[in-house]
Amino acid sequence: MMYTNLKTYLLESNANLKPLLYEIVKQCERNNIRYEKQLVTFIMNLVSLDPKFEIYMETLSADRRNHDDFVEECVSILNDRSPKLITLRMQLYFLQNFFNKDEVVEKHSRNLQLKTSHLLKEITEHDVITKDEQDDIFSKVIIDIVMNMGLGSPDNKDVLQETTKALNSVMSRSDKAKFVTLDKKDRLLALKDIREIVCGIRIFNKHAGNSSNGMSDLPRILDQSHESTKSILQITLCEIMDKVNLLTSALNSSIAYDLRNHTIVTLLPENISSEDLNIVKDLLIMYRQHEVFTRKLIDEMALIKFNIDTLNQEYSTKLTKIHETVQYRTAIPTDRVFPKFSELTRIWLQFQNYIYLLSEINQINNTLTNMTEKCLSFDDLAYRLLGEYQVQTDMDRLNKTMGKRLITTKNETVEYNPAMKVEMLKFCVWHLAEGNGVLMPGNVEMGVCQYQNEYYAFNLPQAVAFFDEDPDKYIFRIIELARKRIQFVVFLDIFHKVQNAYNSQSTEVFRIKAPVTCEQEIQTELHPVPCNIDHHYRWNVWDIGKEAITLANLRTKKTSSSQTKKSKCTQIYLPKDQQTQTKFHKATVTKEHRPRTKKVQLPAYPLEVYSISVEGFNNKTRRQFL
């Protein structure tokens, strides 16, 4: 797993562990133990992977006694100058600071912006009226260009004079007057273009030999810095390997192989205890971890060197084209010349970015070296354990098995390819499991064993036969070892294996949980679950309580003239009957005329007609009558 993915799991604090974090901090303060909260969090996340503390156990309830044991375990790791703690510090520091190139460049850019923020504010926000104010603004523009483009020291008068000449060749008096009339946003955009063009002119003048006062030769400085940093890393690696060879040879001299019983037997001199042997193992882990980090920095140096060489070629090409173009300056419009200066400036800024990267690599290397130097010296212990044996290098051990091949019956053995990711950092799995953490580099030239789409290396041809019988048994032993020696989790890059085996107490359970993969194609739905976001959702009970109190208070309130924002019902006035007062009828008002109705004389009927009973009629007759 990549280091960037480990940050998500190991560097961020877990909310479930916060109460235990406070307990660990109190214990450290009570015992006068120096600590950093980030280191405590890192150690807690690693120790919590051990299921014996039941921190994340789903089926069992967490016991207070287990929590006390967890706190005691973390405090015991912090209260030590052992190689184990130094290894953990190295891992934490490297995970935090191993750079993403864009992040390093952005960090230096932010620092530069902070230094020039006040100057930029005066250039873009101050109103300019008089000629003196205009000259003052452009004197600040000169300093801004020098500082942001890395053209020299702003205290050097020659640097300021050269930059002023370059600026005057770009902007006339009318251009300057127009610049100071722009608003803030347009000034910023214009200032960015001015920086690039003026910087490109100064670079070209330096290359053409016209002037080079106070301006550094970045390509030459960058080449020298790269060679110097590379030499320092190589020296550091040689010193590390001297320690690694001594400790590995000492451990190799203390073990013997019982191939009949598939085990490793430990043979210790009289003056060496099992605790001393564990210290040597931890020392070897520490120096091997330092070796891994140093080699990673060296790989980054090789990539930076390739990019620098590419930039140098592009830099020379741009300068040559500009020189050919400027020879006919009067015949070519400025809109064709100025973009070439801007392109040259962008390469110049990339040179500066790589100087920042080299500085960051030096800082990381120095910090890691200082950490290992703080460890107590155990060279005498290693030499006592070594006895009469000779110190051997990794190449000497690999030459003993040169030409041999791995043979398996259940799993497949394949040729090693540099593109393969070999598990356990190419260390022999059998030595790790049977030797209780003995680090012996595997010989990939014999081939690698493929198991569940993962590749494993071995130091002996016989070891792969033992592993082939029951691979899960050896992998689970290494997981159990990583739970006790938590520095193995990051060092061997087995965090996911340890995490997935959290609830596994035996190899049987672990074997059942082993991932099974197959090659299969499937068409997935774009959005299988419809999005349903309630923007009025409240997760905090206190917020819900506050809203309930507000609604309760609104019930006793009265809205007189406007609609309230927080009321949940519509407040209206019910319609009512009302009349309109009109003016008095005068001559101007037309008198209303109603049509006359003719009076009709109704015939006189006897009164009995209206009392006729209709009960004897049928329905049709009744309806006609009514």
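Treat the numbers as computed from the prediction; the structure is a model and nothing was measured.

Caption draft 1: Representation of the packing of aromatic side chains in the model. All chains considered together, the criterion is met by 15 aromatic pairs. On the basis of an interplanar angle of 55° and a centroid distance of 5.5 Å, the ring pair of Phe138 and Phe179 is categorised as tilted. Placement of the pair is Phe138 in helix α7 (residues 131-149) and Phe179 in helix α9 (residues 173-179), with a sequence separation of 41 residues. Each of the two residues, Phe138 as well as Phe179, counts as buried. Measuring from centroid to centroid gives 5.9 Å for Phe427 and Phe491, while their planes differ by 40°, and the two rings are tilted. Of the two residues, Phe427 is situated in the loop between β3 (412-414) and α16 (429-434) and Phe491 in helix α19 (residues 487-491); the sequence distance between them amounts to 64 residues. Neither Phe427 nor Phe491 differs from the other in exposure class; each is buried. Pairwise contacts between aromatic rings join Tyr451, Tyr456, Phe458, Phe467 and Tyr474 into one cluster.

Caption draft 2: Spatial organisation of the packing of helix α8 (residues 157-170) against helix α10 (residues 184-208). It is the contact of α8 with α10, at a shortest axis distance of 9 Å, that shows an interaxial angle of 115°. Seen along the crossing, α8 lies across α10 with a hand that is right-handed. Counted together, Val159, Glu162, Thr163, Ala166, Leu167, Ser169 and Val170 of α8 and Ile194, Ile197, Val198, Ile201 and Arg202 of α10 form the full contact between these two elements. Considered class by class, the residues forming the contact of α8 with α10 number eight nonpolar, two polar and two charged.

Caption draft 3: Region of the structure containing the environment of Ile308. For Ile308, the position within the fold is in helix α12 (residues 274-326). What makes Ile308 buried here is its relative accessible area of 0%. The spatial distance from the C-alpha of Ile308 to the C-alpha of Leu222 is 8.1 Å, given a sequence separation of 86 residues.

Caption draft 4: α8, seen in detail. Here α8 spans 20 Å end to end across 14 residues, near enough to the 20 Å set by a 1.5 Å rise per residue. With a side-chain oxygen lying 2.9 Å from the backbone nitrogen of Asp158, the N-terminal cap of α8 falls on Asn156.

Caption draft 5: Representation of the sheet that holds β3. Pairing in this open sheet of three strands is antiparallel, and the strands run β3-β4-β5 from one edge to the other. Two strands bound the open sheet, and with one partner strand each, they are β3 and β5 (454-456). The sheet shows a mean angle of 40° between the axes of neighbouring strands, taken without regard to direction.

Caption draft 6: Representation of unusual backbone geometry within the structure. The backbone of Asn436 sits at a positive phi, close to 55°, despite the residue not being glycine. Within the element layout of this structure, Asn436 appears in the loop between α16 and β4 (448-451). With a phi angle near 60°, Asp493 is a residue other than glycine that sits in the positive phi range. Its place among the elements puts Asp493 in the loop between α19 and α20 (495-500).

Caption draft 7: Local environment of the pairing of strand β2 (residues 263-266). The pairing of strand β1 (residues 255-258) with β2 spans four bridges and is antiparallel. Looking across to β2, one finds that Ile255 is bridged to Thr266. Hairpin connection, β1 to β2: the antiparallel pair is bridged by four residues, and His262 has positive phi, about 60°.

Caption draft 8: Looking closely at the pattern of salt bridges. Applying the stated criterion to the full structure yields 24 salt bridges. Here Arg195 and Asp144 are joined by a salt bridge, their closest N and O atoms 2.7 Å apart. Residue Arg195 is located in helix α10, and its partner Asp144 is located in helix α7; the two are separated by 51 residues in the primary sequence. The same class applies to Arg195 as to Asp144, namely buried. Two residues, Glu434 and Arg477, come together in a salt bridge whose shortest N-O distance is 2.3 Å. A residue pair is termed long-range when its members are at least 10 positions apart, and Glu434 in helix α16 and Arg477 in helix α18 (residues 471-484) qualify at 43 residues. For Glu434, a relative accessible area of 16% corresponds to the buried category. Beyond isolated ion pairs, a larger network of salt bridges with shared partners links Arg288, Glu291, Arg295, Asp394 and Arg397.

Caption draft 9: Structural detail: the confidence of the model for the chain. Residues of the chain with pLDDT of at least 70 account for 81%, and the chain-wide mean is 82. This stretch, residues 604-617, has a pLDDT under 50; its non-local contacts, to residues over four places away or in other chains, come to four contacts.

About the cut-offs
- Residues numbered from 1 in each chain as written.
- Predicted model: local features only at pLDDT ≥ 70, side-chain atom pairs only at ≥ 80, totals over all residues.
- Heavy atoms only, no water.
- Phe/Tyr/Trp six-rings, centres within 6.5 Å; stacked < 30°, edge-to-face > 60°.
- Helix = DSSP H or I, 4+ residues; strand = E, 2+ residues; numbered from the N terminus.
- Buried < 20%, exposed > 50% of the residue type's maximum accessible area, 1.4 Å probe, protein only.
- Axes fitted to C-alpha atoms, helices over the stretch in contact; angles between N-to-C directions.
- Left-handed = near helix turned anticlockwise from the far one by under 90°.
- Contact = heavy atoms within 4.5 Å.
- Nonpolar A, V, L, I, M, F, W, Y, C, P; charged D, E, K, R; others polar.
- Expected span 1.5 Å × (residues − 1).
- Polar contact = N/O pair within 3.5 Å; in protein donor to acceptor, adjacent residues only side chain to side chain.
- Pairing = 2+ DSSP bridges.
- Salt bridge = Lys/Arg side-chain N within 4 Å of Asp/Glu carboxyl O.
- pLDDT = per-residue confidence, 0-100.

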